[in-house]
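Notes for the structure review
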Amino acid sequence: MPIPAVLEGRLRLPLVGAPMFIVSGPELVAAQCKAGVVGSFPSLNARPLAQLDEWLTQLSEELAAAHATATVADPIAPFAVNLIVHASNNRLADDIALVVKHKAPVVITSLSPPAEVVAAVHSYGGVVFHDVISRRHAEKAAAQGVDGLIAVCAGAGGHAGPLSPFALIREIRQFYPGTILLSGAMASGADIFAAQALGADLAYFGTRFIATSEARAVDDYKQMLVDTRAEDIVYSSLFTGVKGNYLKPSIARAGFDPDNLPEADKTTMDFGSGGNTDAKAWKDIWGAGQGVGGIDSVLSTHALVLKLQAEYHEAAARMGQIAFR
């Protein structure tokens, strides 16, 4: 299964850190890349637009300097920028222009089929990965020429799909020969190994990286991840108009009954605002995936990646000793 050339020899683990609204800033992205996994951030986290130019300059220069002295054992991964391809994103054209200016190595697109982004990113040799939650979405994105598909499966933090990874990865692999990334309920190195066993090339983690010292999340948010379990995750469209997974205690603290949430109208959603309720998604209503049960501490990003690496190799060793041959 393929890995894009831009990632070859640049990864400690087959892992991409997912972009998270508010939480992902240049500190977390740089730490992820220096630890040997792809770090990413939503372009809309950089406000105003001039800040995006600053962040891209900072990351490009800092990581290029680190890569110049990197070793095979301690590689420096490239960074990624997430673009929301939706009518409510009135910054999209400007963000694309800055991505091209800085030649961002990897671009992650969400929501609509990203033909214009693919053309722009391919013009300088970058690659595009696109979020999908169904085979139909995957087929549309593949037809647009994306370089990879991110299967956002049940249990993923934020805007997650309803399908099991066993179902969605299998169906995508039936027609798509490119890179597949798997997202959903993962928090350990063994999960990364399992993602590859299912047929994915790369794992895609978001929630686990919120509980790191470099993440732009308040301490209460990080502690809530340590204290909660999968049963504390609520799947609702109320806050953004699109189904997503959120921490039940944060919903209750905002004055809602997490067990009786109404549905929202997707057509009224503004993907740059955090939603249409007084309590905003991501800022007040905290996103998280079902993998929270695997989070027991807040670590530095570097320490977390080394922990994931050890768990990955332990899982590989266990599978080398399976009883059934």
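Preceding this paragraph is the structure being described.
Here we summarise the structure given alongside this text. (Residues numbered from 1 in each chain as written. Predicted model: local features only at pLDDT ≥ 70, side-chain atom pairs only at ≥ 80, totals over all residues. Heavy atoms only, no water.)

1. Remarks on the sheet that holds strand β5 (residues 127-132)
Taking strand neighbours across the sheet as the criterion, the eight strands line up as β1-β8-β7-β6-β5-β4-β3-β2 in an open arrangement whose pairing is parallel. Where the open sheet ends on each side, the last strands, each with one partner, are β1 (15-17) and β2 (39-42). Across the sheet, the mean angle separating the axes of adjacent strands is 25° when strand polarity is ignored. As paired elements, strand β3 (residues 79-85) and strand β4 (residues 106-111) share six bridges and run parallel to each other. From the neighbouring strand, Asn-82 faces β4, where its bridge partner is Ile-108. Along the sheet, helix α4 (residues 115-122) makes contact with β3, β4 and β5, crossing β5 at roughly 155°. (Pairing = 2+ DSSP bridges. Helix = DSSP H or I, 4+ residues; strand = E, 2+ residues; numbered from the N terminus. Axes fitted to C-alpha atoms, helices over the stretch in contact; angles between N-to-C directions. Contact = heavy atoms within 4.5 Å.)

2. What to know about the packing of aromatic side chains
The relation between two aromatic rings is expressed through the spacing of the ring centres and the mutual angle of the planes. Tallied over the entire structure, the rule returns six aromatic pairs. A ring pair is formed by Phe-193 and Tyr-312, whose centres lie 5.8 Å apart and whose planes are at 70°; its orientation type is edge-to-face. Of this pair, Phe-193 sits in helix α7 (residues 189-198) while Tyr-312 is found in helix α11 (residues 301-319), placing the two residues 119 residues apart along the sequence. You can call Phe-193 partly exposed: its relative accessible area is 22%. Where Tyr-221 meets Trp-286, the ring centres are 4.7 Å apart and the plane angle is 10°; that geometry is what we call stacked. (Phe/Tyr/Trp six-rings, centres within 6.5 Å; stacked < 30°, edge-to-face > 60°. Buried < 20%, exposed > 50% of the residue type's maximum accessible area, 1.4 Å probe, protein only.)

3. Regarding helix α9 (residues 219-227)
Buried residues of α9: Tyr-221, Lys-222, Met-224, Leu-225 and Val-226, and no others. Residues of α9 that are buried make contact with α8 (207-210), β10 (244-247) and α10 (248-253).

Fair warning: the whole summary comes from geometry, so function is off the table for now.
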